[in-house]
Amino acid sequence: MTQSFMRRFVTALALVVGLAFAGDTLAQGTGGGNTQNIVQGQSSGANPTARSVTEEQLFQQLDKLTGRVSIPDGKAAVLQQPQGREYRAYHESTLPWIGGIVILGMLVALAAFYFTKGRIMMEPDEESGRKILRFNTFERFTHWLTATCFIVLAISGLNYIFGKRLLMPLIGPDAFAAWSQWAKFAHNYLSWPFMLGVLFMLVVWIKDNLPDRTDIAWLKAGGGFLSGKHPPARRFNAGQKGIFWSVVLGGIAMSVTGIIMMFPFSYTDIGGMQLSQIIHGTLGVILIAILIAHIYIGSLGMEGAYDAMGSGEVDLAWAKVHHRLWVEEEGAKTASGRQTTARPAPAE
Ligand code: HEM
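Caption draft 1: Region of interest: unusual backbone geometry. The phi dihedral of F265 is positive, around 65 degrees, even though this residue is not glycine. When you line up the elements, F265 lands in the loop between helix 7 (238-262) and helix 8 (270-298). On the basis of relative accessibility, which here comes to 34%, the residue F265 falls in the partly exposed class.

Caption draft 2: Inspection of the nonpolar core at higher detail. Of all hydrophobic cores here, the largest spans 43 residues; its most connected members are F150, W205, W318 and A319. Per-element accounting of this core gives the leading share, seven residues, to helix 4 (residues 137-171).

Caption draft 3: Spatial organisation of the packing of aromatic side chains. Applying the stated criterion across every chain yields a total of 12 aromatic pairs. Ring geometry for F113 and F225: centres 6.3 Å apart, planes at 85 degrees, overall edge-to-face. Of this pair, F113 sits in helix 3 (residues 84-117) while F225 sits in the loop between helix 6 (213-220) and helix 7; the two residues are 112 residues apart in sequence, bridging distant segments of the chain. Here R134 stacks its cationic end above the ring of W326, 4.8 Å away from the centre of that ring.

Caption draft 4: Main features of the site of the ligand. Close to the ligand lie 21 residues, the nearest being R134, H143, Q240, H294 and A308. H143 is positioned such that a nitrogen or oxygen atom in its side chain is 2.8 Å from a nitrogen atom of the ligand. Here an oxygen atom of the ligand and a side-chain polar atom of Q240 are 2.4 Å apart. Looking at the shell around the ligand, the elements with two or more residues in it are helix 4, helix 5 (173-205), helix 7 and helix 8. Residue composition of the shell around the ligand, grouped by class: 16 nonpolar, four polar and one charged.

Caption draft 5: Molecular detail of the pattern of salt bridges. Scanning the entire structure with this criterion turns up 10 salt bridges. The salt bridge partner of K164 is E92, with a shortest N-O separation of 3.2 Å. With K164 in helix 4 and E92 in helix 3, this pair connects stretches of sequence that are 72 residues apart. The exposure class of E92 is partly exposed, given its relative accessible area of 29%. Here K207 and D208 are joined by a salt bridge, their closest N and O atoms 3.5 Å apart. On the basis of relative accessible area, K207 is assigned to the exposed category, the value being 58%.

What counts, and at which threshold
- Residues numbered from 1 in each chain as written.
- Predicted model: local features only at pLDDT ≥ 70, side-chain atom pairs only at ≥ 80, totals over all residues.
- Heavy atoms only, no water.
- Helix = DSSP H or I, 4+ residues; strand = E, 2+ residues; numbered from the N terminus.
- Buried < 20%, exposed > 50% of the residue type's maximum accessible area, 1.4 Å probe, protein only.
- Core = buried A, V, L, I, M, F, W, Y, C linked by side-chain atoms within 4.5 Å.
- Phe/Tyr/Trp six-rings, centres within 6.5 Å; stacked < 30°, edge-to-face > 60°.
- Lys NZ or Arg CZ within 6 Å of the ring centre and 35° of its normal.
- Near = heavy atom within 4 Å.
- Polar contact = N/O pair within 3.5 Å; in protein donor to acceptor, adjacent residues only side chain to side chain.
- Nonpolar A, V, L, I, M, F, W, Y, C, P; charged D, E, K, R; others polar.
- Salt bridge = Lys/Arg side-chain N within 4 Å of Asp/Glu carboxyl O.

Written out as structure tokens, the structure is:
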């Protein structure tokens, strides 16, 4: 009995050892199965099993663990991408912090300026009653097309970053899900007219936004915001040129990264997708902060400024104070008979 038990035990042991050895050999062999682990960035054939490296070492050293798949969806071959953890931490924690700081910081700075300095007002004698055409119909159409789309993109974009944390607790998960779905549609579809608007802006305004010597004087004087004395400027001062280039260059970068995300994995792999999202999110919150300042100065912050984008005409005296060199250039054109921009206001 004891002998027969011993015989059966030894046979079973031999079987187990044999099977284990065969399995190990198969795993190290050249394949036959659906996936074979290979370590990216190292010589092929390495086998990241628990015996050769620890999981922690892999996470520290590797870009990603990929396998080989026979199905058409090649990206399914990525088994693990340790950097995804850093991406997630950026998305879930760092980005909301950056967004909160730049946007709230801008709002606080503008509020401080408003409550200490007040609105930038026109002097009584700046109201000449004569008007000068500042932006024609197509320029105003372009501006409002881009601006409207940007505002919707900004609100729906902020929902991606803050909605879950700030809005969902207030309105509940069901309403938040419905709102988020509409916000996502708006974000995806309005991105196209926004891109068109940025392109139009580039075409119509680039010639007035090339840097020149007047910008240096304007920057040295800090735009005259604190002294109240406006440095001479052509059609756009250095601050406005900064807005223009932020919108154009920032808009192009947002468009490229946005399209990459709209068609996932069509142009890049997982790392490229994450990088696009990081650039899109970070640049997005910075642009929102910059445009909050623009919206403030174009409406509440400066008396007489809004008319330029409202009716398209501004008071001639306002134009002389804020864009003296431009008024002179326009006057020269009128004198040479090429364009009439100034006309008398109707008698009151
Ligand atoms: C309700 C929001 C907005 C208001 C009230 C507003 C107002 C204005 C005004 C009054 C001007 C003309 C300034 C002048 O006479 O020189 C202007 C110009 C401009 N706006 Fe806006 N704007 C708004 C939103 C936007 C947005 C969201 C964008 C871009 C996404 C934008 C981009 C521009 C650009 C590039 C210019 C030309 C450069 C400059 O004057 O700064 N605006 N805006």
